[in-house]
Amino acid sequence: MIIKGAEVFQEDGTFCRQEVRVKGGKIVGGGCEGVEEEVIDASGLYAVPGLIDIHFHGCMGKDFSDGTEEAVHTIAAYELSQGITSICPATMTLPAGQIAKICEVAGQYREKARVSGGGAREASLRGINLEGPFISPEKKGAQKADYILPPDAGLLREWMRLGRGLCRLVDIAPESKGAMEFIREVKDEIHVSLAHTTADYDTAKRAFACGADHITHLYNAMPGFSHRAPGVIGAGAEEGAYGELICDGIHIHPSVIRATMKLYGSSRVVFISDSMEATGLGDGEYQLGGQAVSVRGNEARLADGTLAGSVTNLMDCVRFAVRHGEIPLGAAVKCASVNPAKSIGIYHEVGSLEEGKEADILLIDKELNLVKVIHGGVVVG
């Protein structure tokens, strides 16, 4: 396959008109022999890497925490249809045994995909994000307080074993008893993200010094960033942590998107959707982590008014950041492909259009509409 005429995304967020060549499901160099001569004329289009959502819960009436292969299939198919070619869905704060089942099912799904050669029609499952249960009751958000636990490395390792290497992120409130010891113990096995926390600046700084390197949905479920109390947000900016942003128009004001891009830089912001099972559907009553959620328009809320994830996919978040946040397209794509891949350790496989990587490519027009989705070198939409 040869893609010609497109403005091709570069890792630094710029675009360059050049050919993209694909052979055997991989991106190959310009001088490679034997490239299949299927030619795609992409004149007037952008060619960008497939997007990577490292924090979302579900869509199309299914939740990753359902713990079934059917749910994973439904979620992965929808995500791919929207240009999200790699996924790392999140669990919730649930009973430990239920989290174990979710990890086991995900591991089995991934193993079957490997044996069968993968499903071109479904986004690649590349990770599990363990959003609970090691969080703060005071900042639980839409998580269920009944199942919150203190940090437990042994329990985490059991989930990691069942997930067959898929567990990429674990969330923790660093003010919890034993949190610093936990971070030091597991930092070389999994990325640790500060989340659902009351931590102040000094506590967050210690957590990053111990090995945490990520912050879950910046500004949400944590103390705010102020001139006398910079908190987790200020500490993360200083320590070079990756910071997630939900660019759905509800969780984050467009001005804050712009400010955070300046504070963290375009190489450390990770766009996420935090989508729940209503995504792709309409208004109605749904579930998230065993709690009832009402969806009206672009908002999902618990009965007490607490935001309960989003109903927006990652491609729509990119569009919102560009159109309303006034973020350059290249920077927005970087935050939804390069940065998430780097933040969970899969950049050697996906996240850019470099030679040797999986041929996950989106062709989009100037209005940011998807024109073609290419997954593993196969045109799927």
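Look up a bit, the structure's there.
Below, the structure is looked at part by part.

How each quantity is defined
- Residues numbered from 1 in each chain as written.
- Predicted model: local features only at pLDDT ≥ 70, side-chain atom pairs only at ≥ 80, totals over all residues.
- Heavy atoms only, no water.
- Helix = DSSP H or I, 4+ residues; strand = E, 2+ residues; numbered from the N terminus.
- Phe/Tyr/Trp six-rings, centres within 6.5 Å; stacked < 30°, edge-to-face > 60°.
- Buried < 20%, exposed > 50% of the residue type's maximum accessible area, 1.4 Å probe, protein only.
- Lys NZ or Arg CZ within 6 Å of the ring centre and 35° of its normal.
- Salt bridge = Lys/Arg side-chain N within 4 Å of Asp/Glu carboxyl O.
- Core = buried A, V, L, I, M, F, W, Y, C linked by side-chain atoms within 4.5 Å.
- Contact = heavy atoms within 4.5 Å.
- Polar contact = N/O pair within 3.5 Å; in protein donor to acceptor, adjacent residues only side chain to side chain.
- Pairing = 2+ DSSP bridges.
- Axes fitted to C-alpha atoms, helices over the stretch in contact; angles between N-to-C directions.

1. Overview of the environment of D146
Checked against the element boundaries, D146 lands in the loop between β13 (128-130) and α3 (153-162). With 141 residues separating them along the chain, D146 and G5 place their C-alpha atoms 55 Å apart.

2. Some remarks on the packing of aromatic side chains
The description of an aromatic ring pair rests on the distance of the ring centres and on the angle between the ring planes. The full count for this structure, using the stated rule, is 4 aromatic pairs. Between the aromatic rings of F9 and F15, the centroid separation amounts to 6.0 Å while the plane-to-plane angle is 75 degrees, which identifies the pairing as edge-to-face. For F9, a relative accessible area of 3% puts it in the buried group. Exposure remark for F15: the relative accessible area of 25% places this residue in the partly exposed category. Ring centres of F134 and F182 lie 5.5 Å apart, and the angle between their planes is 65 degrees; this geometry places the pair in the edge-to-face category. With a gap of 48 residues between them, F134 in the loop between β13 and α3 and F182 in helix α4 (residues 179-186) connect regions that are remote in the sequence. This pair shows no difference in class: F134 is buried, exactly as F182 is. Here a set of aromatic residues connected by ring pairs shows up, and it is made of F9, F15 and Y46. In this arrangement the basic side chain of K357 is found over the ring face of Y347, its NZ or CZ atom lying 3.1 Å from the centre. K366 extends its terminal NZ or CZ atom over the ring of Y46, reaching a point 3.8 Å from the ring centre.

3. Section: the pattern of salt bridges
Tallying each qualifying case throughout the model produces 18 salt bridges. Between R301 and E299 there is a salt bridge, and its shortest N-O distance comes to 2.7 Å. For E299, a relative accessible area of 29% gives the class partly exposed. Through salt bridges with shared partners, one network takes in K4, E19 and R21.

4. Notes on the nonpolar core
Membership of the largest hydrophobic core comes to 108 residues, with the highest contact counts inside it found for L130, L156, F182, I183, F271 and M276. Discounting chain neighbours no more than four positions away, the residues touching L156 are L130, V170, F182, V186 and I190. Counting 16 residues, the second-largest nonpolar core is a separate cluster that includes V8, V20, A359 and I361.

5. Side note on the environment of A106
Tracing the sequence through the fold places A106 in helix α2 (residues 96-116). Note on A106: relative accessible area 0%, which makes it buried. Residues A106 and P89, spaced 17 residues apart in sequence, show a C-alpha to C-alpha distance of 9.8 Å.

6. Some remarks on the side chain of H57
Note that H57 resides in the loop between β8 (51-53) and β9 (58-59). A polar contact is formed between the side chain of H57 and the side chain of E131, at a distance of 3.0 Å. Ignoring any residue separated from it by four or fewer positions in sequence, one finds H57 in contact with K62, D63, F64, I75, A90, T91, M92, E131, D274, S275, M276 and L288.

7. As for the sheet that holds β8
Here we have 3 strands laid out as an open sheet, ordered β8-β11-β12, and parallel in their pairing. Of all the strands in the sheet, just β8 and β12 (124-125) have a single pairing partner and so form its edges. Sheet analysis places strand β11 (residues 84-87) next to β12, joined by 2 bridges and oriented parallel. For S86, the partnering residue across the bridge sits in β12 and is S124. Strands in contact with helix α8 (residues 314-323) are β8 and β11; relative to β8, the strand with the most contacts, it is inclined by about 110 degrees.

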